[in-house]
Amino acid sequence: GAVGHGVRKVVVLHQNRPNPFNPSTAIQYDLPSAGNIRLEIYNSGGQLIDVLVDGWRSRGSHMAVWNINGHSSGVYFYRLRFNGHSETNRMVLIK
């Protein structure tokens with residue numbers, strides 16, 4: 001059978017830029033289809049501290065920005081949930 005080139009079946013969560021960062025960082029993600037997504041920020045202790053995106057997004061590439069809003073230096077995690085799929089990346093905040 002024919003294989004479609006450049007067609008991603010899964011969501012892609014890119015490394016944030018810049019990283020390390022202060023006072024804000026951009027997170028890019030690519031969706032294989034439209035749907036409801038949630039992009040969450042967790043601290044190193046695993047506590048949810050922010051939700052950047054919560055709702056319907058179209059297929060394709062999107063960008064979300066996180067402003068630190070007084071959070072302290074350290075390691076944070078950002079998690080993208082989409083259609084039952086979850087992907088997490090790590091980022092570093094330096095003050």
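Predicted model, so just to flag it, every value in this text is computed and none were measured.

Moving on: the sheet that holds strand β7 (residues 85-93). In space, the four strands of this open sheet follow the order β4-β3-β6-β7, with antiparallel pairing throughout. Looking at the sheet topology across the chains shown, the edges are occupied by β4 (48-57) and β7. The sheet shows a mean angle of 15° between the axes of neighbouring strands, direction not considered. Pairing between strand β3 (residues 35-43) and strand β6 (residues 74-82): seven bridges, direction antiparallel. Bridge assignment links arginine 38 to a residue of β6, and that residue is arginine 81.

Further remarks concern the environment of isoleucine 68. One can find isoleucine 68 in the loop between β5 (60-67) and β6. A C-alpha to C-alpha distance of 10 Å links isoleucine 68 and isoleucine 41, two positions 27 residues apart in sequence. Residues within four places of isoleucine 68 in sequence aside, it is in contact with Phe21, Asn22, Pro23, Leu93 and Lys95.

With that settled, the discussion passes to unusual backbone geometry. In this model, asparagine 19 is joined to proline 20 through a cis peptide bond whose omega is 0°. Within the element layout of this structure, proline 20 appears in the loop between β1 (12-13) and β2 (24-31). Cis geometry is adopted by the peptide bond preceding proline 23, which originates at asparagine 22 and carries an omega value of 5°. Within the element layout of this structure, proline 23 appears in the loop between β1 and β2. The backbone of asparagine 69 shows a phi angle near 45°, a positive value even though the residue is not glycine. Note that asparagine 69 resides in the loop between β5 and β6.

In this section: the packing of aromatic side chains. Summed over all chains, the structure comprises two aromatic pairs. One aromatic cluster in this structure is built from Phe21, Trp66 and Tyr76. One cation-aromatic arrangement involves arginine 79 over tyrosine 42; the distance from NZ or CZ to the ring centre is 5.0 Å.

What follows is about the nonpolar core. Within the largest apolar cluster, 19 residues are counted, with the highest numbers of intra-cluster contacts made by Tyr29 and Leu39. Mapped onto this core, the elements with two or more residues apiece are β2, β3, β5, β6 and β7.

Residue position: asparagine 89 is located in strand β7. Within the structure, the side chain of asparagine 89 is placed 3.2 Å from the backbone oxygen of leucine 13, a separation counted as a polar contact. Each residue touching asparagine 89, except ones within four places of it in the same chain, is listed here: Leu13, His14, Gln15, Tyr76, Phe77 and Tyr78.

In space, the three strands of this open sheet follow the order β1-β2-β5, with antiparallel pairing throughout. Here the strands that pair on one side only, and so sit at the sheet edges, are β1 and β5. Bridge count for β1 against β2 is two bridges, and the pairing is antiparallel. Opposite valine 12, over in β2, you have aspartate 30 as the bridge partner.

Rules behind the numbers
Residues numbered from 1 in each chain as written. Predicted model: local features only at pLDDT ≥ 70, side-chain atom pairs only at ≥ 80, totals over all residues. Heavy atoms only, no water. Pairing = 2+ DSSP bridges. Helix = DSSP H or I, 4+ residues; strand = E, 2+ residues; numbered from the N terminus. Axes fitted to C-alpha atoms, helices over the stretch in contact; angles between N-to-C directions. Contact = heavy atoms within 4.5 Å. Phe/Tyr/Trp six-rings, centres within 6.5 Å; stacked < 30°, edge-to-face > 60°. Lys NZ or Arg CZ within 6 Å of the ring centre and 35° of its normal. Core = buried A, V, L, I, M, F, W, Y, C linked by side-chain atoms within 4.5 Å. Buried < 20%, exposed > 50% of the residue type's maximum accessible area, 1.4 Å probe, protein only. Polar contact = N/O pair within 3.5 Å; in protein donor to acceptor, adjacent residues only side chain to side chain.

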